[in-house]
Amino acid sequence: MQPVRRRSVVDVALQGDVIEAYGVAARAKALNRLRVIDIIFRILTRAAALGVLILLGGVIISLIDGSLPALRTFGLNFLVEERWNPVTEKFGALAPIYGTLVTSFIAMLIAVPLGLLIAVFLTELCPMWLRRPIGIAIELLAGIPSIIYGIWGLFVFAPFLQETLQPFLIAVFGNIPVLSMLFAGPPYGIGMLTAGLILAIMVLPFVTSISRDVFDAVPPVLKEAAYGIGCTTWEVVRYVVLPYTRVGVIGGVMLGLGRALGETMAVTFVIGNAHRVSSSLLAPGTTISATIANEFTEAVGDLYTSSLIALGLILFVITFIVLAIARYMLLRIERRIG
Amino acid sequence: MNALYAARRRRNRIMMGLSLAATLVGLGWLVVILAVLLWEGFSGLSLAVFTEMTPPPGATGGLLNPIIGSLILTVLAVLIGTPIGILAGTYMAEYGRHDRVTSVVRFINDILLSAPSIVVGLFIYEVMVAPMGHFSGLAGAVALAVIVIPVVVRTTEDMLILVPNQLREAAAALGTPRAFVITTVCYRAAKAGMITGVLLATARISGETAPLLFTALNNQFWSTNLNAPMASLPTVIFQFALSPYKDWQVLAWAGALIITFTVLALSIVARALSASRTQS
């Protein structure tokens, strides 16, 4: 096949030969032009790479700048104050922070064991021909936009929980001293438990796919040696695979946690948006991201807007720390394996 | 001895049973979500959805303006984000592979990759919406572009690193300047992977809602003006689903179906592209 002729380097070089007949000066000019293009391209790419850093810097600076009025007014009290009253302009972040942590905790409590077990299934039990399709299906769960989880949670999952799981929990734990506080109040359907469960479904694919990848990276020799001395599959997983991949698994879990903390739309649909700290998991609550999504466009007054941006700053700082730890852990296991 | 052996086997069987159960639960969830979505979505889907504007409560209508709005925002965001992402990824893989700068950028980029998207919305609100004094489609597109960039950076870098060095050396031996080696040799070798990255980024932003809520806002009417608020499918779904009106909720489900299928189709095409590359 005849390659399509473009104005490529070869052309330029040929031109150079022709030009040479006319003089060294013209040839130097052509080469110089190439060098200038080369330098410009290099500078452009470098600028774009530094642009990524500037992007992060911009996010941090603009969030700090936007939250200054609120932080100046409320000080550190902002973090521990429960009241959130737009009318009297008294704002505190305790309820959203509490809701964010509780829902993420519920999500991780369910998603981590489930995700690890699926990864074990995919790497140890599953027949070869099924591994790829199941892996892809689980990853499709990660591709579904969060708003779809939200609408599904609101119309299908919450009513379902209201009729089944929540009355059951109230009936079972209602008379046990400490647990009854966790499951107190009427079954609303929406609330922190529902939000946590939806988050669990959303985080599951992240935990699964990263655990599967690190499990796959365990040198076969190690596993074969363990099988060779008569270990059962579970013992191989428990005493060989898990210890070897611990750092990577923790990285994957932290990555999932970062997702859960910052997830917005799905939670906004089912959390109930109530600014209070309640010991009951069945009660409506709010999270940082849900508060921002619900109230930002309706916020009147600088202090209100600024308080919401301050919430965003808190969320960003928390997720930044969690994600940084996750990346650090994953880098460590990459170095060990790679 | 025999009892110990039996106990170990029982334990193994229980744990393996649990892992099978966990997989079934995971897959079951996917099936349930898709089934509900198909059921509710198809019952709301009709030709009117694609040809009529969003209705006031109680009237019939469609989703034409949010669909067009979403298309404009997504295309614009990809157009803004892709060149920056490719250039940055090029620097990291070609010029500064072993630089300090590169490892810092890679670390920061990975964090941006999974940073909460609502924070991106706040950022663009602060730097674009507040100074301009009004919500605008352009701000929405820029917010989405901020989400595109890390995805494209990551895939571009990964794909360029896979290009064998011999190709670069062969081109350089012909006297090709570095910039031409990269654009005419490396980019061509890594094309499939880089396109995959752009498709994945498109899939990611076409369902994003949070960054649009207070940048592009929403618009009840037909508008292609980038300087005015613009409707988009996710924000319309958000508004309609939480409304008490039955017609609006039905439209929200139809919109959800459209988005999900777009996203799934994009990610399946992306997967097929990268799979055909690894096999060849």
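In case you missed it, the structure is sitting above this.
What comes next is a walk through the structure. Only a predicted model underlies this, so the values are computations on that prediction, with no experimental measurement involved.

Focus: the overall build of chain B
- For chain B, the helix and strand inventory stands at 11 helices and zero strands.
- Helices and strands appear in chain B in the N-to-C order α-α-α-α-α-α-α-α-α-α-α.
- Compactness check: chain B gives a C-alpha radius of gyration of 24 Å against a globular reference of 19 Å for 280 residues, more than 25% above the reference.
- Dimensions of chain B, computed from the C-alpha atoms along their principal axes, are close to 70 × 70 × 35 Å.
- Residue burial in chain B is summarised as follows: out of 280 residues, 55% are buried.
- Of the roughly 12000 Å² of accessible surface on chain B, a fraction of 69% belongs to carbon and sulfur atoms.

Notes on unusual backbone geometry
- Phi angles above zero are rare outside glycine, and E89 of chain A is one such case at about 55°.
- When you line up the elements, E89 of chain A lands in the loop between β1 (84-85) and β2 (90-91).
- Since its relative accessible area comes to 31%, E89 of chain A is described here as partly exposed.
- A positive phi angle is found at L217 of chain B, which is not glycine, with a value near 55°.
- Structurally, L217 of chain B is set in the loop between α9 (191-206) and α10 (233-241).

Overview of helix α2 (residues 24-74) of chain A
Residue and element names in this part refer to chain A.
- Taking 1.5 Å of rise per residue, 51 residues should cover 75 Å, and α2 covers 73 Å from first to last C-alpha, within 8% of that figure.
- Its axis deflected by about 50° at L68, α2 carries its strongest bend there, up to four residues before the proline P69.
- Of the residues flanking the end of α2, it is G75, one or two places downstream, whose phi is positive at about 65°.

What to know about the interface of chain A and chain B
- Taken together, the 83 residues of chain A in the interface contact 83 residues of chain B.
- Both faces considered, chain A and chain B share a buried interface measuring about 7500 Å² in area, 81% of it formed by carbon and sulfur atoms.
- The largest per-residue losses of area from chain A upon contact with chain B belong to F41, W234 and R327 of chain A, which jointly make up 8% of the total buried on that side.
- Along the contact surface separating chain A from chain B lie three salt bridges.

Conventions we followed
Residues numbered from 1 in each chain as written. Chains lettered and ligands numbered in written order. Predicted model: local features only at pLDDT ≥ 70, side-chain atom pairs only at ≥ 80, totals over all residues. Heavy atoms only, no water. Helix = DSSP H or I, 4+ residues; strand = E, 2+ residues; numbered from the N terminus. Rg over C-alpha atoms; globule rule 2.2 N^0.38 Å. Buried < 20%, exposed > 50% of the residue type's maximum accessible area, 1.4 Å probe, protein only. Areas by Shrake-Rupley, 256 points an atom, 1.4 Å probe, with all protein chains shown as cover. Expected span 1.5 Å × (residues − 1). Bend = angle between axes of the 7 residues up to and from the residue. Contact = heavy atoms within 4.5 Å. Buried area = accessible area lost by both parts, 1.4 Å probe. Salt bridge = Lys/Arg side-chain N within 4 Å of Asp/Glu carboxyl O.

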